[in-house]
Amino acid sequence: ANTLRLYLTCIRNTLEAAMCLQNFPCQEVERHNKPEVELKTSSELLLNPVLICRNEAEKCLVETSINSIRISLKVKQADELENILAKKFLRFLSMRAEAFQVLRRKPVQGYDISFLITNYHCEDMHKHKLIDFIVQFMEDIDKEISELKLSVNTRGRLVATEFLKQFI
Amino acid sequence: MILLQSPSRFLLQILKDRVVSGDKGVDIDCHTVEFDDVRYHIQFSMRNPKVMVLSVALPLAPPEAILHDGLPLGAIDAIKAAYGAVVQILDPPKDCFDVTMKINLTKLPTDEEQRNVVLTRIASVREVVLGAPLKLLLRHLASKTVAPNVDKLVALVHRPNESFFLAPQADKVTVVYPMRFQDSIDIVLATSFLQEFVEARRTAALNNAPSCMWSPVPPLELKGVNADALDANAGFVTFVVFPRHVEGRKLDKTVWSLLTFHAYVSYHVKCSEGFMHTRMRRRVESLIQALDRAKSDAEKLKKLVHGGSFRRLVCANINQTCI
């Protein structure tokens, strides 16, 4: 539990350093403006990607470029039940990516969920509040999955008790 | 509603309404489908107001569950015993149904409470018909005997093309359910529920309940059964029922509980998924609100200017300074 605080602080510090985005029109195609972190065509526009691992199961990849930053998360899945709950919940969120604006519709290969933040988002929203949101999001995912698992176990116990009580 | 109820609410409502309407009323011709493919057809005509015709169709029986004249063993006798003169079985049953009964409304008790008891029993026709062979075996258990000519392992139908198994002995009956689900999420949720059954049984309060075990592979009692019938993606649940669970008034309740065990677990798995969806939607809303807070005041003001009048702009400013 105490590693969670350290993990989130590390991610927050990394994001504060990495989120210096400016508008950068595309070098290859006239009048286009693309998130360079997704294309990865020009190496001078990209920073070194940073991988922050809490343990073997949980990690966070931060890839930065001149006009965009991509954050990918791998969430803890201890057993079969947590596995399907995490998948269900994160798919639910990814399908509503439009409402979240900074969420990517598909997670990056090898991760469970990804964010794509561009310079336009940074112009519209306060940088520190955006970072607050990302960190809050990560905490909420963990909380939600453990609460879902608890609700399944509690319901299972209640259902079983009611059924067996009938025979007494 | 945690437990599945034996009387069908659909049938009970129609029967009660008909009895209350008396001489007034319209013709009824209603079909309905219940969980696990049980169909009902109830008919009433003002030309023949003393009679209602009820037909029941049962789920398709798998090859290992033996039917006698298309019905579970002892079904006809069970109907006669449960309803007496009120119900007359029509032979042959209506097309596409397994049993058709004529309900004689004049033979119902005049006292309202007793009449409701009979109507409730008629609405529980599913338990009477499908549960007939199970009731026979459990009645023998209550008297600590075994029915003659019964196999060591009996297969009874409870879902379309699926059966559960009973190993009847004089002092106990072992019931084994192969649990099958179609959706992969259902399988994981059901497995966790079924393991809770085993855990719950271990608590002191439920010491007198039937003992309960779960295993991912077919238990020894099912040795020799056809492999198709043993394909179960959520494991096997075994209950051991003793005479004390089937004595006197408990017999009917035990029959219904065992008959609908798979449906019960399935129902609660679906409820659980529905609940999870509600929770996830609420979480999404709270996250979007958090994101809205990240938006700068300038951005929010821009939105107001585009959409609103000067007065609204002034009010917005006042609101923001007040917060």
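Our structure's up above, just so we're on the same page.
Every value quoted in this text rests on a predicted model; they were computed, and no experiment measured them. (Residues numbered from 1 in each chain as written. Chains lettered and ligands numbered in written order. Predicted model: local features only at pLDDT ≥ 70, side-chain atom pairs only at ≥ 80, totals over all residues. Heavy atoms only, no water.)

On to the packing of aromatic side chains, then. Scanning all chains against the criterion turns up 13 aromatic pairs over all chains. Between phenylalanine 163 of chain A and phenylalanine 167 of chain A, the ring centres sit 5.5 Å apart and the planes meet at 65°, which makes this aromatic pair edge-to-face. Judged by its relative accessible area of 1%, phenylalanine 167 of chain A falls in the buried class. Summarising the aromatic geometry, the rings of phenylalanine 163 of chain A and phenylalanine 261 of chain B are spaced 5.2 Å apart at their centres and angled 55° between planes, so their arrangement reads as tilted. Remark: phenylalanine 261 of chain B occurs in helix H8 (residues 261–294) and phenylalanine 163 of chain A occurs in helix H6 (residues 127–165); the pair is interchain, linking two chains. Put simply, the rings of Phe163 and Phe167 of chain A together with Phe164, Tyr177, Phe197, Phe239, Phe261 and Tyr264 of chain B pair up and form one aromatic cluster. Sitting above the plane of the phenylalanine 92 of chain A ring, arginine 96 of chain A keeps its charged end 3.8 Å from the centroid. The ring of phenylalanine 35 of chain B is capped by arginine 126 of chain B, whose NZ or CZ atom sits 4.0 Å from the centre of that ring. (Phe/Tyr/Trp six-rings, centres within 6.5 Å; stacked < 30°, edge-to-face > 60°. Buried < 20%, exposed > 50% of the residue type's maximum accessible area, 1.4 Å probe, protein only. Helix = DSSP H or I, 4+ residues; strand = E, 2+ residues; numbered from the N terminus. Lys NZ or Arg CZ within 6 Å of the ring centre and 35° of its normal.)

All names here are of chain A. Within the secondary structure, lysine 76 sits in the loop between strand E3 (68–74) and helix H3 (80–95). With 49 residues separating them in the primary sequence, lysine 76 and glutamine 27 have C-alpha atoms 39 Å apart. Every residue in contact with lysine 76, bar those within four places of it in the chain, is listed here: Glu58 and Glu82. (Contact = heavy atoms within 4.5 Å.)

Residues and elements named next belong to chain B. Pairing is antiparallel across the open sheet formed by 5 strands, whose spatial order is E1-E2-E3-E5-E4. Two strands in the sheet have a free side with no partner beyond their single neighbour: strand E1 (28–34) and strand E4 (87–90). Shown here is a sheet whose adjacent strand axes are inclined to one another by a mean of 20°, direction ignored. As paired elements, E1 and strand E2 (residues 38–44) share 7 bridges and run antiparallel to each other. Residue pairing for E2: glutamate 34 is matched across the bridge by valine 38. (Pairing = 2+ DSSP bridges. Axes fitted to C-alpha atoms, helices over the stretch in contact; angles between N-to-C directions.)

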